[in-house]
Amino acid sequence: MAARTLPIKKRGFSFEVFMWAFTRFTVIAMYGLILAGIIGALIASARTGANFADILYWSFFPNLAESPLGKNFGMIILAKLMVIAFVLVVCGHGVHGVLEIWDDYVTSESGRRWARYIVISYAVAASLAAMYIIWIA
Amino acid sequence: MGLKRDVSLSSALGYKGQGPYLTYILHRIGGSALFIFFTVYILSLVGVDSMQALMSNWIFQIIVLVFGLFHAINGLRITILDLSPKLIEHFRTAINIEWVAYVLVAGFAVFVVLQNAMGG
């Protein structure tokens, strides 16, 4: 089968094209953050002698777990920033995914428009709540 | 859109789309599972006790891992093929490699969760 590609210039610039590119870039960012997180957690677990899973738990649930990493100010700020960045890219990626599934089952213009309002509003609200809790924990 | 469908449920379930169709459907199920997980994660961060209990439930963990890992690995294949269109010719091989990687990673993840659940 011959490969079929459409040059970027001919794709135009609509909401769908923007979201397609956004979805691809956010997923690449996610893989990068996962890799950086795993390497960081391995280094931290080697230095502290803590369990690898515990390090991840302290990072992703900073308000639920007493983290011994708090003694190292730089490390805890970096962990918070990385988890916040991860939550944001997950949210951005998820918005498009949910809308794509929704668009397959609801074909009316108003239904699709309302789905966009609801899903994007939910994503913004959930991101803000997560950012606030992770930062103040 | 009306509720009438041209394809019955039994016909839809019997659709022989083979490997690519299976990955397409599983990718959607995985995405939906991760969306639910994301909501549970936010609520547990906020401090909802029931959501924190759900997060530590091993059955919930297995369901999220099995579908979530498929979504992540299949997404990696889609991204690679999307960014390197010349590889699309080998998409069936890519799907086979994906299944091998998925079985190994998901198998290990489920093993660890079960080991923890049984107090190992």
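Here is what the cut-offs are and how they apply
- Residues numbered from 1 in each chain as written.
- Chains lettered and ligands numbered in written order.
- Predicted model: local features only at pLDDT ≥ 70, side-chain atom pairs only at ≥ 80, totals over all residues.
- Heavy atoms only, no water.
- Helix = DSSP H or I, 4+ residues; strand = E, 2+ residues; numbered from the N terminus.
- Buried < 20%, exposed > 50% of the residue type's maximum accessible area, 1.4 Å probe, protein only.
- Contact = heavy atoms within 4.5 Å.
- Core = buried A, V, L, I, M, F, W, Y, C linked by side-chain atoms within 4.5 Å.
- Buried area = accessible area lost by both parts, 1.4 Å probe.
- Salt bridge = Lys/Arg side-chain N within 4 Å of Asp/Glu carboxyl O.
- Polar contact = N/O pair within 3.5 Å; in protein donor to acceptor, adjacent residues only side chain to side chain.
- Phe/Tyr/Trp six-rings, centres within 6.5 Å; stacked < 30°, edge-to-face > 60°.
- Axes fitted to C-alpha atoms, helices over the stretch in contact; angles between N-to-C directions.
- Parallel < 35°, antiparallel > 145°, perpendicular 65-115°, else oblique.
- Left-handed = near helix turned anticlockwise from the far one by under 90°.
- Nonpolar A, V, L, I, M, F, W, Y, C, P; charged D, E, K, R; others polar.

## Focus: the overall build of chain A
Next, step 1: Scanning chain A for helices and strands turns up four helices and zero strands.
Next, step 2: Counted from the first residue to the last, chain A has its helices and strands arranged as α-α-α-α.
Next, step 3: Per-residue burial over chain A gives 31% buried out of 137 residues.
Next, step 4: Long-range contacts, defined as pairs at least 24 residues apart, comprise 57% of the intrachain contacts of chain A with a sequence gap of at least 6.

## Digging into the nonpolar core
Next, step 1: The biggest cluster of nonpolar side chains holds 23 residues, and the ones touching the most others in it are Val-87 and Ile-134 of chain A together with Tyr-41 and Leu-45 of chain B.
Next, step 2: Elements that contribute at least two residues to this core include exactly α3 (73–105) and α4 (109–136) of chain A together with α2 (18–46) and α4 (58–83) of chain B.
Next, step 3: The biggest single contributor to this core is α4 of chain A, with seven residues.
Next, step 4: Setting aside residues up to four positions removed in sequence, Val-87 of chain A forms contacts with Ala-130 and Ile-134 of chain A together with Phe-38 and Tyr-41 of chain B.

## Focus on the interface of chain B and chain A
Frequently, the measure chosen for interface size is the accessible area removed from exposure when the parts meet.
Next, step 1: Opposite the 27 residues of chain B that make contact, chain A presents 29 residues.
Next, step 2: Taken together, both faces of the contact between chain B and chain A bury some 2,300 Å²; the carbon and sulfur share is 69%.
Next, step 3: Linking chain B with chain A are two salt bridges, by the criterion used here.
Next, step 4: With its nearest N and O atoms 2.6 Å apart, the salt bridge here joins Arg-28 of chain B to Asp-104 of chain A.
Next, step 5: Counting across the chain B and chain A interface gives five residue pairs in polar contact (both at pLDDT 80 or more).
Next, step 6: For the side of chain B that touches chain A, the secondary structure elements donating two or more residues are α2, α3 (49–55) and α4 of chain B.
Next, step 7: Looking at which element gives the most residues to the side of chain B that touches chain A, the answer is α2 of chain B, with 11 residues.

## Quick look at the packing of aromatic side chains
All names here are of chain B.
Next, step 1: Scanning the model with the defined rule gives eight aromatic pairs over all chains in all.
Next, step 2: Judged by centre distance (5.3 Å) and plane angle (85 degrees), the rings of Phe-70 and Tyr-102 are edge-to-face. Of the two residues, Phe-70 is situated in helix α4 and Tyr-102 in helix α5 (residues 91–117); the sequence distance between them amounts to 32 residues.
Next, step 3: An aromatic cluster is present here, built from Phe-70, Trp-99 and Tyr-102 joined pairwise through their rings.

## A few points about the packing of α4 of chain B against α5 of chain B
All names here are of chain B.
Next, step 1: Packing of α4 against α5 brings their axes to within 9 Å, and their N-to-C directions diverge by 155 degrees. The angle between the axes of α4 and α5 places the two elements in the roughly antiparallel class. Of the two possible hands of crossing, α4 and α5 adopt the one that is right-handed.
Next, step 2: Here the contact of α4 with α5 is built from residues that sort into 21 nonpolar, two polar and two charged.

## Topic: the pattern of salt bridges
Residues and elements named next belong to chain A.
Next, step 1: Considering all chains together, one arrives at five salt bridges over all chains under this definition.
Next, step 2: Asp-103 is the salt-bridge partner of Arg-112, the closest N and O atoms lying 3.8 Å from each other.
Next, step 3: For Asp-103, a relative accessible area of 17% translates into the label buried.
Next, step 4: For Glu-109, the salt bridge identified is with Arg-113, shortest N-O distance 3.1 Å. Note that Glu-109 and Arg-113 are positioned in helix α4 at a spacing of four residues, about one turn of the helix.
Next, step 5: The class for Glu-109 is exposed, based on a relative accessible area of 63%.
Next, step 6: For Arg-113, a relative accessible area of 38% gives the class partly exposed.

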